[in-house]
Amino acid sequence: MIMACMKPSLAAMSNLQGAVRLADWGVIRAAGNDAASFLHGQLTQEIVRLDAGHARLAGYCSAKGRLLASFVVWRRGPAEILLACSADLLPAVLKRLKMFVLRAQCQLEDASAEWPLTGLAGEAALAALGEAAPATPWQRSVVADGAELLRLPDAAGLPRLLWAGAGAPALPPLAPEAWAWLEVQSALPRIVAATAEQFVPQMVNLEVVGGVNFQKGCYPGQEIVARSQYRGTLKRRAFLFDSDAPAAPGQELFAADDPGQPAGLVVAAAPAPDGSGWAVFAETKIASLADGVALHLGAADGPRLTPAALPYAFPAAEA
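1. A few points about the overall build of the chain
- A tally of regular secondary structure across the chain gives seven helices and 16 strands.
- By the compact-globule yardstick of 20 Å for 319 residues, the chain fits well, its C-alpha radius of gyration being 19 Å.
- A burial count over the chain gives 53% of its 319 residues as buried.
- When contacts within the chain are restricted to residue pairs at least 6 apart in sequence, those whose partners lie at least 24 apart make up 70%.
- Summed over its atoms, the accessible surface of the chain is roughly 13600 Å², and 55% of this surface lies on carbon and sulfur atoms.

The structure is reproduced here in structure tokens:
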């Protein structure tokens, strides 16, 4: 199926340059000699070998293999690791992680006030940062006054960076909705409270974008995640769509060929910067999309979703 991609107008692109305080993000700090090994045993990602020059995506699953949260993880030092996640689920996730620390030398705390996050977007951000800007996705650098800078994957052809700490560069203000649109366009899954425990990692492409390590040791839900990967064919994935109507995380999708039950769930959504509609990142049945079945938002007779192009490819076996 050929998918069109909704591109913003030139005027809208000028509104995608700047900086925005990410109030919907929070930061957990893990500190102590066992911080890395503890997180390694809890998350879908290799943490013990995480070096100081890079960040990684990671998922935190329930025993049933369902994502409780997703993180951007980076190491500040031998005994300190920061995990950025959605602010609305941070308290519950922090409480749950603390339950499993037991005798490990690992202190967990909400460090959101100490490490405020700012999103930087566009060529203007790269120009303002100069040589301090990491060159490739997931690179980390330490900048002025000890702040942390992470390069995120580009979205809609625009560079994106995550600034952690005070003193973010003085750039034109970027609307939160504009950053959210770029986040949707990146098709990197971010679990929020409305979607917690709804998805096995593969359902939101977490392993495709590097958030799951299948060679590491055990973690909660690991057997189910591995079984989904190696036994049989994956039946559900997340895709990008365009919509004329507003959408929200956790909203159900319905397919025209089976209107009696939900066919998927919205992972993330945001209005287009030029006012032309909404971008939607949603999980659904692969077969429905491959067969060209019409998908609708919220109800069987709800607004129709138009498939759009993902910024990455699935494994060749799924092509």
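2. What to know about the nonpolar core
- Counting residues in each nonpolar core, the largest one holds 94 residues, and the members touching the most others are L43, F71, V72, V73, L83, L108 and F281.
- The element best represented in this core is strand β4 (residues 67-77), accounting for seven residues.
- The residues touching F71, leaving out its near neighbours within four places in the chain, are I28, L43, R56, L57, A58, Y60, L83, A84, C85 and V93.
- If you look at the next biggest cluster of nonpolar residues, it comprises eleven residues, including V143, L149, L161 and W163.

3. Notes on the environment of N213
- Within the secondary structure layout, N213 lies in the loop between α5 (176-186) and α6 (222-230).
- Between the alpha carbons of N213 and T44 there is a distance of 6.1 Å; along the sequence they are 169 residues apart.
- Sequence-distant contacts of N213, defined by excluding residues within four places in its chain, comprise T44, Q45 and E46.
- Reaching out from N213, the side chain makes a polar contact with the backbone nitrogen of Q215 at a distance of 2.8 Å.

4. A word on the sheet that holds strand β5 (residues 80-86)
- Strand order in the open sheet formed by five strands is β3-β4-β5-β2-β6, and the pairing between neighbours is antiparallel. Two strands bound the open sheet, and with one partner strand each, they are β3 (55-61) and β6 (107-110). Along the sheet, successive strands turn relative to each other by an average axial angle of 30 degrees, direction set aside.
- Of the strand pairs in this sheet, β3 and β4 are connected by seven bridges, and their pairing is antiparallel.

5. Focus on the sheet that holds strand β11 (residues 236-243)
- Read once around its circumference, the closed barrel built from six strands follows the order β11-β14-β13-β12-β15-β16, with strand pairing classed as antiparallel. In this sheet, neighbouring strand axes are inclined to one another by 45 degrees on average, regardless of whether the strands run parallel or antiparallel.
- Looking at chain direction, strand β12 (residues 252-255) and strand β15 (residues 295-297) are connected through three bridges and run antiparallel. Within β15, the residue paired with F254 across the bridge is H296.
- Against the sheet, α5 touches β11, β13 (258-271) and β14 (278-285), its axis set at about 125 degrees to β13.

6. Observations regarding the packing of aromatic side chains
- Under the criterion given, the structure shown has three aromatic pairs.
- Taking the centre distance of 5.7 Å and the plane angle of 85 degrees together, the rings of F239 and F314 count as edge-to-face. With F239 in strand β11 and F314 in the segment after β16 (304-308), the pair connects residues that are 75 residues apart, well separated along the chain.
- Ring centres of Y312 and F314 lie 6.5 Å apart, and the angle between their planes is 70 degrees; this geometry places the pair in the edge-to-face category.
- Feature note: the residues F239, Y312 and F314 constitute an aromatic cluster, connected by ring pairs.
- The ring of W179 has R160 lying over it, and the distance from NZ or CZ to the ring centre is 5.6 Å.

7. Some details on the pairing of β12
- With four bridges joining them, β12 and β13 adopt antiparallel strand pairing. Along β13, the bridge assignment pairs A255 with D258.

8. A word on the side chain of H40
- Considering the arrangement of structural elements, one finds H40 in helix α2 (residues 35-40).
- Of the residues examined, H40 reaches a relative accessible area of 15% and is grouped as buried.
- Within polar-contact distance, the side chain of H40 engages the backbone nitrogen of I47 at 3.2 Å.
- In contact with H40, not counting residues within four places along its chain, are Q45, E46, I47, V48, K216, G217 and C218.

9. Re the environment of E197
- By the secondary structure assignment, E197 is in the loop between α5 and α6.
- Taking the C-alpha atoms as reference points, E197 and G32, separated by 165 residues in sequence, lie 29 Å from one another.
- Those residues in contact with E197, other than ones at most four positions away along the chain, are S62, R66, L67 and L68.

10. Considering the environment of R151
- Looking at the element boundaries, R151 is found in strand β9 (residues 148-155).
- For R151, a relative accessible area of 9% corresponds to the buried category.
- Apart from the residues within four sequence positions on either side, R151 is in contact with L126, P134, A135, T136, P137, W138, Q139, P159, R160 and L161.

Criteria and thresholds
- Residues numbered from 1 in each chain as written.
- Predicted model: local features only at pLDDT ≥ 70, side-chain atom pairs only at ≥ 80, totals over all residues.
- Heavy atoms only, no water.
- Helix = DSSP H or I, 4+ residues; strand = E, 2+ residues; numbered from the N terminus.
- Rg over C-alpha atoms; globule rule 2.2 N^0.38 Å.
- Buried < 20%, exposed > 50% of the residue type's maximum accessible area, 1.4 Å probe, protein only.
- Contact = heavy atoms within 4.5 Å.
- Areas by Shrake-Rupley, 256 points an atom, 1.4 Å probe, with all protein chains shown as cover.
- Core = buried A, V, L, I, M, F, W, Y, C linked by side-chain atoms within 4.5 Å.
- Polar contact = N/O pair within 3.5 Å; in protein donor to acceptor, adjacent residues only side chain to side chain.
- Pairing = 2+ DSSP bridges.
- Axes fitted to C-alpha atoms, helices over the stretch in contact; angles between N-to-C directions.
- Phe/Tyr/Trp six-rings, centres within 6.5 Å; stacked < 30°, edge-to-face > 60°.
- Lys NZ or Arg CZ within 6 Å of the ring centre and 35° of its normal.

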